[in-house]
Amino acid sequence: MYMKNSAQNVSAQIDVKRVKDNLTNLANRHPYNGESILVRYKDANNYYYGGIRADGNVVIKKKTNGVYHTLVMKKIFSGTYSAVSNPDLIPLNQWIGLKMVVVDGATGPMLSLYTDVGKTGTWKLAASVVDDPAKFGRSISGAGLVGIQSDYADAQFDNFILSDAGTAPAPTPTPTPTPTPTQTPSPSTGYDATVLSGNPVMYLTMSSPGSGSESDKSGHGNNGAYKGGSPTTATLPNGDTA
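All figures in this text were calculated on a predicted structure; none of them were measured in a lab.

Parameters and conventions
- Residues numbered from 1 in each chain as written.
- Predicted model: local features only at pLDDT ≥ 70, side-chain atom pairs only at ≥ 80, totals over all residues.
- Heavy atoms only, no water.
- Buried < 20%, exposed > 50% of the residue type's maximum accessible area, 1.4 Å probe, protein only.
- Helix = DSSP H or I, 4+ residues; strand = E, 2+ residues; numbered from the N terminus.
- Pairing = 2+ DSSP bridges.
- Axes fitted to C-alpha atoms, helices over the stretch in contact; angles between N-to-C directions.

**Q** Could you clarify how one ought to interpret the pairing of strand β1 (residues 10-21) in this entry?
**A** Residues in a regular strand point their side chains to alternate faces of the sheet. Burial of β1 is extensive: nine of the 12 residues sit out of reach of the surface. Pairing of β1 with strand β6 (residues 96-104) involves seven bridges; the strand directions are antiparallel. Each residue of the ladder has a partner; that of Gln-13, found in β6, is Lys-99. Where β1 lies against strand β10 (residues 153-164), 10 bridges are found, and the strand directions are antiparallel. From the neighbouring strand, Asp-21 faces β10, where its bridge partner is Ala-153.

**Q** Any chance you could explain the sheet that holds strand β4 (residues 57-64) here in plain terms?
**A** Strand pairs in the sheet, formed through backbone hydrogen bonds, run parallel or antiparallel to each other. An order of β5-β4-β3-β2-β9 is seen for the five strands of this open sheet, with the pairing classed as antiparallel. What marks the edges here is a single partner per strand, and that holds for β5 (67-75) and β9 (145-150). With strand direction ignored, the average angle separating the axes of adjacent strands in the sheet is 15°. As defined by bridge partners, strand β3 (residues 46-53) adjoins β4 across six bridges and the pair is classed as antiparallel. Bridging from a neighbouring strand, Tyr-48 pairs with Lys-62 of β4.

**Q** Is there a simple way to explain the pairing of β4 in this structure?
**A** Of all eight residues in β4, eight are buried, a share of seventy percent or more. Side-chain alternation along β4 places Asn-57, Val-59, Lys-61 and Lys-63 on one buried face and Val-58, Ile-60, Lys-62 and Thr-64 on a second face that is also buried. Here β3 folds back onto β4 in antiparallel fashion, the turn holding three residues, of which Gly-56 has a positive phi close to 90°. Pairing of β4 with β5 involves eight bridges; the strand directions are antiparallel. Residue pairing across strands places Val-59 opposite Met-73, the latter belonging to β5. Linking two consecutive strands that pair antiparallel, namely β4 and β5, is a turn of two residues; a positive phi of about 50° is found at Asn-65 within it.

Printed below as a string of structure tokens:
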């Protein structure tokens, strides 16, 4: 089923509930069967689609000049697919929301597929990809029809919604961190200046035993802490008590 009007950058969503599989004929059992949303549909040989598959995966694919290309695929439903014994891992009799979004980006169309398993009202990003021609060949540009596709199942559909997806946001450049300059401590006395002129790794003036700690005046952050009680104080050449 397809909408009459074409759309380019679009968000399309629908709720689907598979009620019964129609897989009596073994020839109809394929891992790629499922429920899908199609966007930028030009004709039967050129379009994007995203959806859930009988083998438990979500997938975003494109078809160009009659050839399918898998852009991204990811497992979301548990179980092991078998055409003979377990031909459909998509839960039956459960509403599942599907939302497909396509917007033009700097390096190609950006496609995102969201799911809402159980119709909770919360969308979860299941898969996303940029259809970069350098990686996947010719992308599908311009407007096209939007539609839904269901394979070999009795299914119910609800809440088919289309909206304008706008354009992809420009990537935000990563700011270059500005290094914090190391502050050279201002010597309090000529004695301190003499000690600091030798670029010590640590310089503790031992002037505040009551606080339980001493700050490293060399600027290297090697602060000290008193152990075993307060020491006996004396007066240093710089006038500090220690």
